[in-house]
Amino acid sequence: MGSFLVEFFELKVMTSITKEKQIEETKESEKSDQTKKILLSPDKDSVQVGRLRLQWNKQLELMPNDNNSLKDMPLLREIANKSTQAEANKKTKMHFERGCYVYYMHAKIELSKTGYIYLQNYIPKDLIVKARNSIAKALHNTFGIIQTSAEHKIDDLYIKQDCNGVLLTGFKPITHAPEVLSVVHCKELVSLFRGLLDCHDIVTYDSKWLRIKGTNEYTEEHCDYYRFINGWNQLYTCWIPLMDIPFNRGGLAVCDQSHLLADFDEATDTVNEELPPSFTEYCKKSTTVWKTSNYAEGDVLIFDIRLIHASLVNTCDRFRVSIDTRWQPLKYASFEQNIRF
Ligand SMILES: O=C(O)CCC(=O)C(=O)O
């Protein structure tokens, strides 16, 4: 009980110290969010996401930047108020010990509420540039699909005439090149997943989904649950843009809270499309919102294995390159091929 009071007191002190700063930051970030919304909207009123046509700012919105909101103290105070003393004590102690309790607690709440968290500028950009360079070289030398000229470097990823994109999952010389592994296994991600999964012994699956999308290509709406149905306990997808992906280069969009649909295991035709049956109705609701972003090098999107997602269409003349991986506590891992940390 004593230790709970000390921790709770520290919590309150920290909350009030940061409160003023936070109000200032909120004002600033509201201002810049408004500017962003104006600057970063797609140039059309409706946007194609997977096979759906969505109204911008009604059915499709910008994701919040969790770099700011993860530091949101009031949320932590809310947990402490709502939890029993024993629960709050355990949670706060664990996170005090790690020195980053606010960060993970908020992130976990977000993840369970909305189904995703979006971190901007999280992975060091030099790692992303090196990974993209090595992938671009392979696309040029092995696949011959990059247009080069005096103005167009290989790394600019201009698409050679009539060439399509390619899914490079399983092409280990490319997906497991040291430069690529240094992104997907970087220490920032290892520590993030240790925090999010509340667990030191975590794994990431050896398969890496490296996606190269050409002009007019996109990913249809689906969720990853059906692929991992035999071992999905606390399994998360980590999607990483390996370049700046503005709207016209077809970044990922997620359907907010769709991981909470109740009928993932009901058998109907939609299951073959990797969607729960109720998704069709959920999509029609006026409250259903998809979220996307103008992604930049270094951003990371983490989502629940059940969250429904799709991509916007790549309408430009350069390939869109991203990689996605799966993370889980070791104790739940049911696939043999995994990398342990
Ligand atoms: O990058 C994409 O277009 C699709 C990504 C995806 O399906 C996933 O991360 O599970």
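Above this text sits the structure in question.
Calculation notes
- Residues numbered from 1 in each chain as written.
- Predicted model: local features only at pLDDT ≥ 70, side-chain atom pairs only at ≥ 80, totals over all residues.
- Pairing = 2+ DSSP bridges.
- Helix = DSSP H or I, 4+ residues; strand = E, 2+ residues; numbered from the N terminus.
- Axes fitted to C-alpha atoms, helices over the stretch in contact; angles between N-to-C directions.
- Buried ≥ 20, exposed ≤ 12 C-beta atoms within 10 Å, placed from the backbone.
- Contact = placed C-beta atoms within 7 Å.
- Arc of directions from axis to C-beta.
- Near = placed C-beta within 6 Å.
- Nonpolar A, V, L, I, M, F, W, Y, C, P; charged D, E, K, R; others polar.
- Core = buried A, V, L, I, M, F, W, Y, C linked by C-beta atoms within 7 Å.
- Domains from an automatic or database assignment.

Enquirer: Would you explain the sheet that holds strand 9 (residues 252–255) in this entry?
Expert: In a beta sheet, neighbouring strands pair by backbone hydrogen bonds and run either parallel or antiparallel. Strand order in the open sheet made by the four strands is 3-10-9-12, with mixed pairing throughout. Of all the strands in the sheet, just strand 3 (60–62) and strand 12 (309–311) have a single pairing partner and so form its edges. Across the sheet, the axes of successive neighbouring strands diverge by a mean angle of 30°, strand direction being ignored.

Enquirer: Is there a simple way to explain the environment of Arg211 in this structure?
Expert: Here Arg211 shows up in strand 7 (residues 209–213). Judged by the 21 C-beta atoms lying within 10 Å of it, Arg211 falls in the buried class. A C-alpha to C-alpha distance of 6.4 Å links Arg211 and Val166, two positions 45 residues apart in sequence. Beyond its immediate stretch of four places on either side in the chain, Arg211 contacts Leu167 and Ser322.

Enquirer: Is there a simple way to think about the pairing of strand 13 (residues 320–329) in this case?
Expert: Within a regular beta strand, the side chains point alternately toward one face of the sheet and then the other, so they alternate between its two faces. Among the 10 residues of strand 13, nine are classified as buried, and the element is accordingly described as predominantly covered. Strand direction decides the pairing type here: strand 6 (residues 202–205) and strand 13, joined by three bridges, are antiparallel. Bridge pairing links Ile202 to Pro329 in strand 13. Note: strand 7 against strand 13, five bridges, orientation antiparallel. Looking at the pairing, Arg211 lines up with Ser322 of strand 13.

Enquirer: In this structure, what is going on with the environment of Cys223? I would like to understand it.
Expert: Tracing the backbone through its elements, the reader meets Cys223 in the loop between strand 7 and strand 8 (236–241). In this structure, the C-alpha to C-alpha distance between Cys223 and Leu275, residues 52 residues apart in sequence, is 6.2 Å. Residues contacting Cys223, with those up to four places away along its chain left out, are Glu274, Leu275, Arg306, Leu307, Ile308 and His309.

Enquirer: I keep staring at unusual backbone geometry and nothing clicks. Help me out?
Expert: Negative phi characterises most residues that are not glycine, and trans characterises most peptide bonds. Despite not being glycine, Leu157 shows a phi value in the positive range, around 60°. Here Leu157 is to be found in the loop between helix 6 (125–141) and strand 5 (166–167). Residue Leu157 is classed as buried on the basis of its C-beta count, with 24 C-beta atoms lying within 10 Å. Positive phi, close to 60°, is recorded for Glu274, a residue that is not glycine.

Enquirer: Which parts of the structure should I look at to understand helix 9 (residues 187–196)?
Expert: Along an α-helix, residues three or four positions apart point the same way, because every turn accommodates 3.6 residues. Those residues of helix 9 lying buried are Leu189, Leu192 and Phe193. Around the axis of helix 9, the buried residues are gathered within 95° of arc, so they sit on the same side. Just beyond helix 9, the residue with positive phi is Asp198, at close to 55°.

Enquirer: Is there a simple way to think about the site of the ligand in this case?
Expert: In the vicinity of the ligand, the residues found are Arg211, Thr219, Asp224, Thr237, Trp239, Leu252, His309, Ser311, Ser322 and Asp324. Of the residues assigned to the shell around the ligand, the class counts are two nonpolar, five polar and three charged.

Enquirer: Got a minute to help me understand the nonpolar core in this structure?
Expert: In summary, soluble globular proteins display a tendency toward joint burial of nonpolar side chains. Counting 71 residues, the largest nonpolar core has Val49, Tyr116, Ile135, Leu242, Ala253, Val254 and Leu301 as its most contacted members. With six residues, the top contributor of residues to this core is helix 6. Each of two domains, domain 1 (2–40 + 68–113) and domain 2 (120–340), supplies a minimum of three residues to this core. Sequence-distant contacts of Val49, that is, excluding residues within four places in its chain, are made with Leu54, Leu60, Ala253, Trp290, Ala310 and Leu312.

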